[in-house]
Every structure is written in C-alpha cells, then in structure tokens.
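# A closer look at the structure
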Amino acid sequence: MVLSNMTPPVFIFVGHSNSGKTTLIERLIPELIRRGLRVATIKHAHHKVQLDTEGKDSWRYKNAGAAFSMLVTTNKLQLVADADEEREPAQLAMRFLGEADIVLAEGFSRAPGSKIEVLRRALGKPPRCEIGDGLIAIATDCPEIYPELPHFALDDLEMLVDFLLQYTHRT
C-alpha cells in the first residue's frame, strides 16, 4: 500500500521523557509494515550524539569539508551531515526519506506538523503541547485531557494506525 510518490506524510510523536514515545513508535512500525507501508523514523535528540568515529573515512571526509558524508555497506547506509540550523521533520522527510510511505518522528515538540501526544497519568505532568501546536490526537490513559481530540489507549495500535491512515488521506 503505497500512499504517494511525493513527500511522505509525517506524524510527530511528542511527550515528556519516559512517557512511552519510543515504545509506541516501535510497536506501531510492525503494524504499519503489516499493512504494506515502508516506514521511516526521525528521532530528535536534545543532546549532542557522536554519529561518526574520529579517524574513520566518512569522518575524514566531513572533517575535510564535505557537506554530507554517506557510509554504505552491503546492508545499511548512514548519512552524516552538519545541522547548523534547526531542521523540521517535514523538511527532513522531503529531502532524505522520499522512499518511505509514512514517517514517524519523535520529539520535535516545537516544530510545525501533525502531532500525537503520548501522555501517561503516572508521570503526573501536563500535556507538552496544546491543540494550537498541531496536536491531532492523544495516546493516553487520561480521557479528560483535550476531550475534543481523538484519544487512543496506549496499546490500541490498530485503531491508532487506522487513524493515521485516514488522516493521511484527509490532508
């Protein structure tokens, strides 16, 4: 089931640390694949991460001034590029993830886009985003939060995937 040959739809999963964003995305991926989709993910890290090893070839290319360096093995590839400016999930998807049918991004709570908040009562925190921030649904055990939005149980993968696919065809 290919959705489009253009920029894939991007859904941004937001929430506080330890709310279950990664686990939810990890569990959604097989359900989307089961429905015939090629899934890509984008993770926003709030801290610096070492993506390349000093002294290795791709590191040397970047160090020499290459704008991008791609390492390709027999079964994987990794792109390393400087991120001097804040990149938004939609920009990244358009530029690098055109072969995907759908993109699930994690974090990026301040970026524009369609967001699903992951909110657990046990964390005792308010929602990270407001409806005006692009929130389209909530995966939660807190039915009283934003009752005007669609709510999904944290383990209701089929219903959430149905919603994402229906929402994709609306936009």
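Right above here is the structure, for reference.
A few points on the structure. (Residues numbered from 1 in each chain as written. Predicted model: local features only at pLDDT ≥ 70, side-chain atom pairs only at ≥ 80, totals over all residues. Heavy atoms only, no water.)

## Re unusual backbone geometry
A positive phi angle, close to 50°, is found at F108, a residue other than glycine. As for its position among the elements, F108 is in the loop between β5 (102-106) and β6 (114-119). Look at F108 and you get buried, because its relative accessible area is 8%. For Y146, which is not glycine, the phi torsion reads 45° and is therefore positive. Tracing the backbone through its elements, the reader meets Y146 in the loop between β7 (135-140) and β8 (151-152). (Helix = DSSP H or I, 4+ residues; strand = E, 2+ residues; numbered from the N terminus. Buried < 20%, exposed > 50% of the residue type's maximum accessible area, 1.4 Å probe, protein only.)

## With respect to the environment of F96
By the element assignment, F96 lies in helix α3 (residues 89-96). Using a relative accessible area of 34% as the deciding quantity, one classes F96 as partly exposed. Residues F96 and T7 lie 89 residues apart in sequence; the distance between their C-alpha atoms is 9.5 Å. Among all residues touching F96, those that are not within four sequence positions of it are F68, L79 and R87. (Contact = heavy atoms within 4.5 Å.)

## A look at the environment of V39
Checked against the element boundaries, V39 lands in strand β2 (residues 39-43). When the C-alpha positions of V39 and D101 are compared, they lie 6.1 Å apart, and in sequence the two are 62 residues distant. Look past the residues within four positions of V39 in its chain and what remains in contact with it is I29, L32, I33, I102 and L104.

## A short note on the sheet that holds β6
Taken in spatial order, the six strands make up an open sheet running β2-β5-β1-β6-β7-β8, and their pairing is parallel. Across the chains shown, the open sheet's two edge strands, defined by having one partner strand only, are β2 and β8. Note: β7 against β8, two bridges, orientation parallel. Looking at β8, one finds that A139 is bridged to F152. (Pairing = 2+ DSSP bridges.)

## Notes on α3
The periodicity of an α-helix, 3.6 residues per turn, causes residues three or four places apart in sequence to face the same way. Three or more residues of α3 are buried, namely P89, L92 and A93. Projection of α3 onto a plane perpendicular to its axis shows the buried side chains occupying an angular sector of 100°, all on one side. Buried residues along α3 sit against β1 (10-14), β2 and β5. (Arc of directions from axis to C-beta.)

Note that every value here comes from positions in space, so none of it alone points to a role or purpose.
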